[in-house]
Amino acid sequence: MASSSGNDDDLTIPRAAINKMIKETLPNVRVANDARELVVNCCTEFIHLISSEANEICNKSEKKTISPEHVINALESLGFGSYIAEVKDVLQECKTVALKRRKASSRLENLGIPEEELLRQQQELFAKARQQQAELAQQEWLQMQQAAQQAQLAAASASSAQQAGSSQDEDEEDDM
Amino acid sequence: MPGQKRKYNVRFPPGRIKKIMQKDTEVGRIASAVPIIISKALEMFLRSFLTMTCKITQSRNSRVMSINHMKQCIHSEKLFDFLKDLADQASTASTSECKCQSHFYSIICENAQVPGKKMKADTVPL
C-alpha cells in the first residue's frame, strides 16, 4: 500500500483483523472499544516477546537468520509449548507451497524444449534476419545506382542536345 | 500490494509482522516462513486471551467485555506476565458498577511507577 499517512512507529496488526478475530472467537460478546485497542497492543507485545527470544536462540546457534526452528524453541521456553503442534502444521504448509512453486517455475522454464535446442533456434532466427537485412540493403543500393545512371544519361542527352547547336565551330577548332 | 490474495492460510499479514519484529534493532535477518508461523502463534494466543477474559466478564455478570476484565486476566495468569506493563499503562475503564474501585486501582498504579516499589495490584480485587 503506497500510503503517505501512518508512520512506521504506529506499526500494529490491522484493527480489522483483530475485530474479525474477536468476532469469531466470541460471537455473542460485545467488546468495549478501548479493550479492542488493548488487544491490538497486546499483539505487538507478543510479537516482540517471541522475536526477542527467538533472536537470542538464533544468536546462540551459529546461524545469522532467525529460522522457524528458533521460533518454535522460543515458544517452548516462554511457556507456549501447547502452540507448537499447530505451528508446525503451518510450517509444513509453507514448505509444501515453496516446493510447489519451485517445481512450477522449473517446469515453465523447460516447456519440453531443451536449452541447446532453444539456443539453436534463436541463432537460426538471427541468421535469417541478418540475411534479409543484407538483401534489402543490396536492393536499395542497386536501385540507387540505377537511379544515378538514369540521371547521368538524362543530363548527358540534355547537354549533347545543347552542344549540337554550336558543335560545328568547336569541331573545326578541335581538329586544328 | 496489488492482486495478492492469501498465499498462506494465516490470519495476520506476515509483512506487517516482519516490520514489527524489525522495530527491535537487535533482530537481523528473518526466514520468510517465520512471520507466517508467528501469525499462527499470535492467533492462538489471542484465542486463549480472549476466552480467559470472557470468563471474567461472565463472572462479573457484565454485558460488555471491558478493559478492566482484560487487566484482571493479565494479572491472573503467569503466561501473560509480559503484558503487565502494558495493562498498567492502559487507562482503567470507569463503569457505573465500580467507579470507586477503578479510582482505587489507579492510585495503586501511580504508586507502582516508583521504581523498586512492589505493586500490590495483584492482590487487590477489582
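For the structure itself, consult the block above.
Keep in mind it's a predicted model, so treat the numbers as computed, not measured. (Residues numbered from 1 in each chain as written. Chains lettered and ligands numbered in written order. Predicted model: local features only at pLDDT ≥ 70, side-chain atom pairs only at ≥ 80, totals over all residues. Heavy atoms only, no water.)

(A) Region of interest: the interface of chain A and chain B. In this complex, chain A contributes 56 residues to the contact, which on the side of chain B involves 51 residues. Between chain A and chain B lies a buried interface of about 4900 Å² when both sides are counted; carbon and sulfur atoms form 76% of it. Connecting chain A to chain B are two salt bridges. With its nearest N and O atoms 3.6 Å apart, the salt bridge here joins Lys 40 of chain B to Glu 86 of chain A. The interface formed by chain A and chain B includes seven residue pairs in polar contact (both at pLDDT 80 or more). (Contact = heavy atoms within 4.5 Å. Buried area = accessible area lost by both parts, 1.4 Å probe. Salt bridge = Lys/Arg side-chain N within 4 Å of Asp/Glu carboxyl O. Polar contact = N/O pair within 3.5 Å; in protein donor to acceptor, adjacent residues only side chain to side chain.)

(B) Summary view of the pattern of salt bridges. Evaluated as defined, the whole model comprises ten salt bridges over all chains. For Lys 20 of chain A, the salt bridge goes to Glu 24 of chain A, with nearest N and O atoms at 3.6 Å. Of the two residues, Lys 20 of chain A and Glu 24 of chain A both sit in helix H1 (residues 15-25), four residues apart, roughly one turn of that helix. Measuring nitrogen to oxygen at the nearest pair gives 3.9 Å for the salt bridge that ties Arg 11 of chain B to Glu 43 of chain B. Taken together, the positions of Arg 11 of chain B in the segment before helix H1 (14-22) and Glu 43 of chain B in helix H2 (residues 33-59) put the pair 32 residues apart, joining distant regions of the chain. Comparing Arg 11 of chain B with Glu 43 of chain B shows no difference in burial state: the two are buried. Overlapping salt bridges bring together Lys 20, Glu 24 and Glu 86 of chain A together with Arg 11, Lys 40, Glu 43 and Arg 47 of chain B as one network. (Helix = DSSP H or I, 4+ residues; strand = E, 2+ residues; numbered from the N terminus. Buried < 20%, exposed > 50% of the residue type's maximum accessible area, 1.4 Å probe, protein only.)

(C) Expanded view of the environment of Ala 33 of chain B. The topology assignment puts Ala 33 of chain B in helix H2. Placed 19 residues apart in sequence, Ala 33 of chain B and Pro 14 of chain B show a C-alpha to C-alpha distance of 8.8 Å. Leaving out residues up to four positions away in the same chain, Ala 33 of chain B has contacts with Pro 68, Leu 91 and Cys 94 of chain A.

(D) Local environment of unusual backbone geometry. Of note, Asn 61 of chain B is a non-glycine position whose phi angle comes to about 55 degrees, a positive value. Mapped onto the fold, Asn 61 of chain B is located in the loop between H2 and strand S2 (64-65).

(E) Molecular detail of the nonpolar core. Membership of the largest hydrophobic core comes to 65 residues, with the highest contact counts inside it found for Ile 13 of chain A together with Phe 45 of chain B. Secondary structure elements with two or more residues in this core: H1, helix H2 (33-60), helix H3 (68-77) and helix H4 (84-110) of chain A together with H1, H2, helix H3 (67-76) and helix H4 (84-89) of chain B. It is H2 of chain B that provides the largest number of residues to this core, a total of 14 residues. Ignoring sequence-local partners within four residues, the contact set of Phe 45 of chain B consists of Cys 42, Phe 46, Phe 80 and Tyr 83 of chain A together with Phe 80, Phe 82 and Leu 83 of chain B. (Core = buried A, V, L, I, M, F, W, Y, C linked by side-chain atoms within 4.5 Å.)

(F) Spatial organisation of the packing of aromatic side chains. Residue and element names in this part refer to chain A. Summed over the entire model, instances satisfying the criterion amount to nine aromatic pairs over all chains. With a centroid separation of 5.4 Å and an interplanar angle of 80 degrees, the aromatic rings of Phe 46 and Phe 80 are classed as edge-to-face. Pair noted here: Phe 46 is in helix H2 and Phe 80 is in the loop between H3 and H4, with a separation of 34 residues, a long-range link. With respect to class, Phe 46 is no different from Phe 80; both count as buried. (Phe/Tyr/Trp six-rings, centres within 6.5 Å; stacked < 30°, edge-to-face > 60°.)

(G) Looking closely at the environment of Ile 57 of chain A. All names here are of chain A. Of note, Ile 57 is situated in helix H2. Along the backbone, Ile 57 and His 70 are 13 residues apart, and their C-alpha atoms lie at a distance of 6.0 Å. Residue contacts for Ile 57: discarding those within four places in its chain leaves His 70, Asn 73 and Ala 74.

(H) Local environment of H1 of chain A. Looking at H1 of chain A, one finds that the buried residues are Ala 17, Ile 18, Met 21, Ile 22 and Thr 25 of chain A. Each buried residue of H1 of chain A sits inside an arc of 135 degrees when the element is viewed along its axis, so together they form one side. Away from the buried face of H1 of chain A by more than 90 degrees, exposed residues Ala 16 and Lys 23 of chain A are located. Packing partners of the buried residues in H1 of chain A comprise strand S1 (30-31) and H2 of chain A together with H2 of chain B. (Arc of directions from axis to C-beta.)

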